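One letter stands for each residue in the lines below.
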Amino acid sequence: MIAAAIVSVGFTACNNAGKAKDAEVLNVYVDSVEGLTPIYTTENWTTIDNGYQERALKAEAEYATLDAEGKAKADASKARYEALKAKYELNMKQAEAAAKMEPTNAAPNFRKVLRDRLFGEGKIGDDMQFAFVTADNIHDIYKNFVDIVADNKNTYTREDWDEINVLYEALDTRKNAVEKDLKTSDNLKIAALKIRYASIASTHRGGTKVKENADSKH
């Protein structure tokens, strides 16, 4: 839609100028752009600027042949365009700054909050990669995971439990990948932690669902 508007400006400039010199074509283009409803995006400005530069290159070639009045118009057109450019750049920077502020005010993604609490800040992204889990540290990671779940079991929502279960299963999958290098003692400790987690999850996850179902009936 943006591109179509700029193309329309280009045709308007050419049609209005008729067989006029390239400098006049450029003047008409600047007039037309100034008449557009401003859309302060990089995409829109790039389209506008590409159209201007194409015409400016042709106009520059004939500048020396213009009379005094023609040169004055060309200079005025250039100054108007520079002012337009400065206006767009300022508003685009302000829009970009405002966009960066929005995530700060938004509620944090509950999945990211859980992942950071259970595994550490930034350890688990949307790609769900567990390469940081090795045979040497997997017992500690399991223990930390189960301890945190145990401490917060009464505060988790149904959605939290669903995400926790997904993360737990992904951790189990990673365990299978490193198990050949796992110490027997750590393997036994992890087995005990798995039993502990299963007991917590079956009791509290089910209780959460029952509570939510009961609440939904009221």
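First, a word on scope: everything that follows refers to the structure included in this document. (Residues numbered from 1 in each chain as written. Predicted model: local features only at pLDDT ≥ 70, side-chain atom pairs only at ≥ 80, totals over all residues. Heavy atoms only, no water.)

With that settled, consider unusual backbone geometry. The phi torsion of most residues other than glycine is negative, and most of the peptide bonds are trans. At methionine 128, a residue that is not glycine, the phi angle is positive and equals roughly 55°. Relative to the helices and strands, methionine 128 resides in the loop between α5 (110-119) and α6 (138-152). We classify methionine 128 as partly exposed; its relative accessible area is 23%. (Helix = DSSP H or I, 4+ residues; strand = E, 2+ residues; numbered from the N terminus. Buried < 20%, exposed > 50% of the residue type's maximum accessible area, 1.4 Å probe, protein only.)

What follows covers α5. Those residues of α5 lying buried are Leu114, Arg115, Asp116, Leu118 and Phe119. Looking at the packing, one finds that the buried side of α5 touches α6 and α7 (158-178). Between the side-chain oxygen at the start of α5 and the backbone nitrogen of arginine 111 there is a gap of 2.8 Å, and the oxygen is on asparagine 109. Just past α5, the residue glycine 120 takes up positive phi, approximately 110°. (Contact = heavy atoms within 4.5 Å. Polar contact = N/O pair within 3.5 Å; in protein donor to acceptor, adjacent residues only side chain to side chain.)

Right, let's get into the packing of α5 against α6. Closest axis-to-axis distance for the α5/α6 pair is 8 Å, and the angle between their directions is 125°. On the basis of their axis angle, the class for α5 and α6 is oblique. Between α5 and α6, the contacting residues are Arg117, Leu118 and Phe119 on the first element and Ile141, Asn144, Phe145, Ile148 and Val149 on the second. Considered class by class, the residues forming the contact of α5 with α6 number 6 nonpolar, 1 polar and 1 charged. (Axes fitted to C-alpha atoms, helices over the stretch in contact; angles between N-to-C directions. Parallel < 35°, antiparallel > 145°, perpendicular 65-115°, else oblique. Nonpolar A, V, L, I, M, F, W, Y, C, P; charged D, E, K, R; others polar.)

For the pair α6 and α7, the least separation of the axes is 11 Å and the interaxial angle reads 165°. Judged on the interaxial angle alone, α7 and α6 are roughly antiparallel. Both α6 and α7 take part in a crossing whose hand is left-handed. Contacts between α6 and α7 involve Ile138, Ile141, Tyr142, Phe145 and Val149 from the former and Trp161, Ile164, Leu167, Tyr168, Leu171, Asp172, Lys175 and Val178 from the latter. The residue makeup of the contact of α6 with α7, split by class, is 11 nonpolar, no polar and 2 charged. (Left-handed = near helix turned anticlockwise from the far one by under 90°.)

Keep in mind that these numbers describe shape and distance, not what the molecule does.
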